[in-house]
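# Breakdown of the fold
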Amino acid sequence: MKISFPIVTKHEPDVVLNLSSDPNFFFGTFTPFKIINFENENTFYIYGEIASTFSLVDIEAKVARFVSRTGVIYVLTVGPGLIKLPSGKELDRAFKPTPPKGNGKISVTRSGSTISMEIDYEGDREKMIVNSLAKKARSIKNLDDLIWRERISRHI
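Predicted, not measured: the structure shown is a model, and the values here were computed from it.

Rules and cut-offs
- Position labels on residues start from 1 in each chain and follow its written sequence.
- The model is predicted, so local features are restricted to residues of pLDDT at least 70 and side-chain atom pairs to those at 80 or more, both for listing and for counting; the totals for chains, interfaces and linings are taken over all residues.
- The side-chain values count all of the structure's non-hydrogen atoms but skip hydrogen atoms and water molecules.
- Put simply, DSSP marks the helices as runs of H or I at least four residues long and the strands as runs of E at least two long, and each gets a number from the N terminus on.
- In what follows, residue pairs with any heavy atoms lying within 4.5 Å of each other are defined as contacts.
- Note on areas: Shrake-Rupley with a 1.4 Å probe; residue coverage comes only from the protein chains shown.
- This count recognises Lys and Arg as positive and Asp and Glu as negative, with His and chain-terminal groups excluded.
- For charged residues, the charge sits on one atom: NZ in Lys, CZ in Arg, CG in Asp, CD in Glu.
- Paired strands are those between which DSSP finds at least two bridges.
- Note on method: axes are straight lines fitted to C-alpha atoms, helices fitted across the in-contact stretch only, with angles between N-to-C directions ranging 0 to 180 degrees.
- We call a set of buried residues a nonpolar core when its members are Ala, Val, Leu, Ile, Met, Phe, Trp, Tyr or Cys and they connect through side-chain atoms within 4.5 Å of each other.
- Throughout, exposure labels follow a simple rule: accessible area from a 1.4 Å probe, protein chains only, divided by the maximum for the residue type, with under 20% read as buried, over 50% as exposed, and the rest as partly exposed.
- A side-chain nitrogen of Lys or Arg and a carboxyl oxygen of Asp or Glu constitute a salt bridge if their distance falls within 4 Å.
- Classification of ring pairs rests on two measures: the distance between centres of Phe, Tyr or Trp rings, Trp counted by its six-membered ring, which must be within 6.5 Å, and the angle between planes, read as stacked under 30 degrees, edge-to-face over 60 and tilted in between.

## Remarks on the overall build of the chain
- For the chain, the helix and strand inventory stands at 4 helices and 7 strands.
- For the chain, the sequential pattern of α-helices and β-strands runs β-α-α-β-β-β-β-β-β-α-α.
- By principal-axis analysis of the C-alpha atoms, the chain measures approximately 45 × 30 × 25 Å.
- A separation of at least 24 residues holds for 56% of the contacts in the chain among residues at least 6 apart in sequence.
- As presented, the chain carries roughly 8,900 Å² of accessible surface, and 52% of it is formed by carbon and sulfur atoms.
- One way to put it: in the chain the 22 positive side-chain charges average out to a point 3 Å from where the 18 negative ones average out.

Printed below as a string of structure tokens:
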């Protein structure tokens, strides 16, 4: 399943693209996921929970980042047991459904003066995952303020 939509902001497209290429900013702002650990600067693991009307599902994914002049692509490999936590700190899944398995990507691209985001995922619970990610990304009310604060802190 695939959904694409524009990112509407008053800031320059290059600035938005630059900030979107930072995984900490991107996943902290546009998704419900948190980065757990990095293998290297372009490969890391994320964890988050996505809720639907009747269930709460844990999502674990290994993410590879690819950056170019016109965009950034995050390739996700979703599956249970990808995140290895120390003994005694394992995730409690006693009352949750089985975590999904699948593959997807999140692309942020610039075309002229517009920035668009595309979420593409195939696998278990694909409609729930894609719609939840798109809803979270579209519902950011203070995106211009968040970008402004990041520009000030990074001197962009």
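Having put the structure on the table, let's press on.
## Topic: the sheet that holds strand β5 (residues 71-78)
- Here 7 strands make up an open sheet; going across it, the order is β1-β7-β6-β5-β4-β3-β2 and the pairing antiparallel. Only two strands of the sheet have a single partner each, and these edge strands are β1 (2-7) and β2 (34-40). Each strand of the sheet is rotated relative to its neighbour by a mean of 20°, with strand direction disregarded.
- In the sheet, β1 pairs with strand β7 (residues 114-123) via 6 bridges, with the strands oriented antiparallel. Counterpart to P6 in the pairing with β7 is S116.
- Strands in contact with helix α3 (residues 126-138) are β1, β3 (43-51), β4 (56-67), β6 (102-111) and β7; relative to β7, the strand with the most contacts, it is inclined by about 160°.

## Here's the deal with the nonpolar core
- Formed by 38 residues in total, the largest nonpolar core has its most connected members in F30, Y74 and M117.
- Examining the composition of this core, we find that 6 residues originate from one element, α3, more than from any other.
- When near neighbours in sequence (up to four residues on either side) are disregarded, F30 contacts I7, S20, F25, M117, L133, K136, A137, I140 and L143.

## Description of the pairing of β7
- One ladder, built from 10 bridges, connects β6 with β7; its direction is antiparallel. Following the sheet pairing, T109 is matched in β7 by S116.
- Adjacent in sequence and paired antiparallel, β6 and β7 are bridged by 2 residues, among which G112 carries a positive phi angle near 70°.

## Examining the pattern of salt bridges
- Evaluated as defined, the whole model comprises 5 salt bridges.
- Connected through salt bridges with shared partners, the residues D22, E150 and R154 form a single ionic network.

## A few points about unusual backbone geometry
- In this model, R125 sits at a positive phi of 55°, which is unusual for a non-glycine residue.
- Summarising the element assignment, R125 is placed in the loop between β7 and α3.

## Structural notes on the packing of aromatic side chains
- Summed over all chains, the structure comprises 8 aromatic pairs.
- Their ring planes at 75° and their centres at 5.0 Å tell us that F27 and Y74 sit as a pair that is edge-to-face. In this pair, F27 is assigned in helix α2 (residues 23-30) and Y74 in strand β5, connecting sequence segments 47 residues apart.
- Since its relative accessible area comes to 1%, F27 is described here as buried.
- Judged by its relative accessible area of 0%, Y74 falls in the buried class.

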